[in-house]
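As a plain string of letters, each chain reads:
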Amino acid sequence: MDISVIVPLFNEAESLPKLYEWIARVMKENKFSYEVIFVNDGSTDDSWEVIEKLRVESLELREVGEQKVESSPVRGICFRRNYGKSAALYCGFKAAEGDVVITMDADLQDSPDEIPALYKMITEEGYDLVSGWKQKRYDNKLTKNLPSKLFNATARKVTGIQLHDMNCGLKAYRKEVVKNIEVFSEMHRYIPYLAKNAGFTKIGEKVVQHRKREFGVSKFGLNRFVNGYLDLLTLWFLNKFGKQPMHFFGLVGSLMFFIGFIAVVVVGSMKLYALSNGVPAMLVGVNPYFHIAILMMILGCMLFLAGFLAELVIRNSPSRNDYLIKSEI
């Protein structure tokens, strides 16, 4: 199969028929073999009923070996409740069978006409991942465009991936990429970074068309920018110290313990010096610097032990070395 199109959605019943018709037309014009996987993320409207109807209406005879069987390019995954876009993409990636995987939003703001060019960049130009760049946007400049620019500038600095729109929903992937990364929590914003950390370094960008929303309202609020920065820090930390947590916790803990120990020695030495010279001095037990020093020593020990326990957990993980092998013959 040439292409798998994954469409995560939440309450987008009105746009689904038009979106599928558009995707099917593009696929037939370019003679692609394809499947469209709609991932219904706990919608409360008629989205699932629409997906079921699309599947029935798109049934056709297809050749499977020497036989012709009735099948549909439409596939559906339905969640019990709303789990978020990352969970939807994870399940879509797991189910995808195409050599090239395309993701797009269900709100008709992504154009399926971009699919052939994205497919060509993966199959002919050798990219592992191609991210769309909505250079000209029709969103509110104050609430979306400006925060998005700041967010992407920070992401470029931290990840080292020079993408203008890392969170663009329209992306193309080589099949091996989606099968070797795990999208969790709200990490769908940083899939290019996840791919880079998994060893897929040829990441490109393509200017794509951005269209105005025709139906419904946006499902994302301003809190996504706060969550986005926190998730970026999490990914950076996991990439830097995920395999060697002792390198962080052990180093910081040792430094805190050493500084606290030196402070205790200084406080004790000052007390002994005062006593030996008959100079009045406060009791060590009421000296605030003594308590701060002891606290630093205790925190240092706790951080060191946290790193030690994290190392034990990783060493006993059955998947600790899964990332090593690229291929074998």
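Refer to the structure above for everything that follows.
Presented here is a report on the structure given in the accompanying data block. (Residues numbered from 1 in each chain as written. Predicted model: local features only at pLDDT ≥ 70, side-chain atom pairs only at ≥ 80, totals over all residues. Heavy atoms only, no water.)

### What to know about helix 9 (residues 246–276)
Note the cut-off: By the criteria applied, helices consist of DSSP H or I runs no shorter than four residues and strands consist of E runs no shorter than two, each listed in order from the N terminus. By definition here, a helix of n residues has an expected span of 1.5 Å times n minus one. Burial here depends on accessible area, computed with a 1.4 Å probe over protein chains only, as a share of the maximum for the residue type. Under 20% is buried, over 50% is exposed, and the range in between is partly exposed. The contact criterion used is simple: two residues touch if any of their non-hydrogen atoms lie within 4.5 Å.
Counted at 1.5 Å a residue, the expected span for helix 9 with its 31 residues is 45 Å, and the 43 Å between its end C-alpha atoms agrees. Among the residues making up helix 9, those that are buried are M246, G250, G253, G260, V267, K271 and A274. Contact partners of the buried residues in helix 9: helix 10 (288–315). Note on helix 9: the residue one or two positions beyond its end, G278, has a positive phi of about 70°.

### Structural notes on the nonpolar core
Here is a general trend for soluble globular proteins: nonpolar side chains tend to be buried in one another's company. What counts here: In plain words, nonpolar cores are sets of buried Ala, Val, Leu, Ile, Met, Phe, Trp, Tyr and Cys residues tied together by side-chain atoms within 4.5 Å.
One finds I3, V5, F38 and I102 to be the most contacted residues of the largest nonpolar core, which totals 36 residues. Those elements giving two or more residues to this core turn out to be strand 1 (3–9), helix 1 (16–29), strand 2 (34–40), helix 2 (47–57), strand 6 (100–103) and helix 4 (115–123). Per-element accounting of this core gives the leading share, eight residues, to helix 1. Setting aside anything within four residues of it in sequence, one finds I3 in contact with M27, F32, S33, Y34, E35, G98, V100, I102, I115 and Y119. Formed by 31 residues, the second largest nonpolar core is a distinct cluster that contains I37, M166, M187 and L194.

### Considerations on the pattern of salt bridges
Note the following rule: Salt bridge, as used here: a side-chain nitrogen of Lys or Arg that lies within 4 Å of a carboxyl oxygen of Asp or Glu.
By the definition in use, this model includes nine salt bridges. Put simply, R174 and D128 hold a salt bridge, and the shortest N to O gap is 3.5 Å. Taken together, the positions of R174 in strand 8 (residues 171–174) and D128 in the loop between helix 4 and strand 7 (129–133) put the pair 46 residues apart, joining distant regions of the chain. Accessibility expressed as a relative area gives 14% for D128, which makes it buried. R189 is the partner of E186 in a salt bridge, and the nearest nitrogen-oxygen pair spans 3.1 Å. Residue class for E186 comes out partly exposed when judged on its relative accessible area of 31%. Bridged by salt links that share partners, the residues R25, E29 and D113 form one connected network.

Structural measurements only, silent on function.
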